[in-house]
Structures are given as structure tokens and as C-alpha cells.
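# A look at the structure
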Amino acid sequence: MTDCLFCKIAKGEIPSDIVYQDEKMIVFKDINPQAEVHLVGIPREHYINIVELTHENITLAQYFLSKMAEVGSKMSGGNGIDNGQFKLLFNTGEKIGQSVFHVHAHILAGKINEDARV
Ligand code: 5GP
Ligand code: ZN
């Protein structure tokens, strides 16, 4: 999608601090971190949220979810933060806090801001 922020990040048109990438997805540091470790993972293909992704491409959804679990586990441990302990969450819908309508999962680990929006 041409006018989507995360499509642009996936294509490298907008720079990001990438911690993991492959041909299907990319994981980068959140620009406004709400925790000691705050990462955002996206599939490169555009789907508006996790519901649309699972309905339209269950194979990609399964790949994405399992890879996010792996990255979450590694990143939390790798930063000297309580090994393997992290939150993995999807804001789905504007009223619940989704602000970018390209499916993404947040990884949060370590100390989380008390007033975190995520
Ligand atoms: P949402 O609020 O939709 O669940 O999450 C979107 C997340 O993307 C927010 O946590 C926000 O800080 C992050 N974000 C928005 N724009 C950018 C950007 O240009 N670069 C990076 N790295 N993160 C962004
Ligand atoms: Zn997009």
C-alpha cells in the first residue's frame, strides 16, 4: 500500500532500527518505546490487522507469530533482561489503541512504563 507508514519501513523507504528481518517480515525498535525493550514486528505484506491476516493468509500468520515468539525470547534474554520473559500484543482497532493500520505485534520486555499505552 503506497500511503502506509509500515509498508514504507518494510521497503526501507523510511529508516528504522532493525533487529531482525527476512524475506517475509521485519522487526524494528519502536520510535517511542514504552519499555526497556520495545520492538515492533510486521509482515512485509500489507494487512490491516491480525484478524485480516489470519483470515487471508494463515500460513503467513503462523510464520509471523512463531518468529515473533522466537525474536521476543531472544531479545529479552539478549539484553540481559529477565530471560525469555516478554509481552507479545496486537492492538486491533482504533478505540483499543491501534494507530498504524498495517498489522504489527509489539514485543515489550524489562521495565514497562507505568502509563504505557500498549
Ligand atoms: P499501535 O499504537 O498502532 O499499536 O502501534 C504503533 C507503534 O508504532 C507505536 O508504538 C509507535 O510508537 C510506533 N511508530 C509509529 N511511527 C513509527 C516510526 O516511524 N518508526 C518506528 N520505529 N516506530 C513507529
Ligand atoms: Zn502497510
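Presented here is an overview of the structure given in this document. (Residues numbered from 1 in each chain as written. Chains lettered and ligands numbered in written order. Predicted model: local features only at pLDDT ≥ 70, side-chain atom pairs only at ≥ 80, totals over all residues. Heavy atoms only, no water.)

## Details of the pairing of strand β1 (residues 18-21)
In this sheet, strand β2 (residues 25-29) lies alongside β1 in antiparallel orientation, the contact comprising three bridges. When the bridges of β2 are listed, Tyr20 appears paired with Val27. (Pairing = 2+ DSSP bridges. Helix = DSSP H or I, 4+ residues; strand = E, 2+ residues; numbered from the N terminus.)

## Topic: the coordination of the zinc ion (ligand 2)
Protein coordination of the zinc ion (ligand 2) is provided by Cys4 (SG), Cys7 (SG), His46 (ND1) and His102 (ND1), with donor distances spanning 2.0 to 2.3 Å. The site at the zinc ion (ligand 2) holds four donor atoms, and with the angles between them running 106 to 116 degrees, its shape is tetrahedral. As a motif over one chain, the donors of the zinc ion (ligand 2) read C-x2-C-x38-H-x55-H. Taken together, the residues Cys7 in helix α1 (residues 5-11) and His46 in the loop between β3 (35-43) and α2 (50-56) connect sequence positions 39 residues apart. (Donors = N, O, S within 2.8 Å, 3.2 Å for Na, K, Ca; no water. Tetrahedral: all angles 85-135°; square planar, octahedral: opposite > 155°, others 65-115°.)

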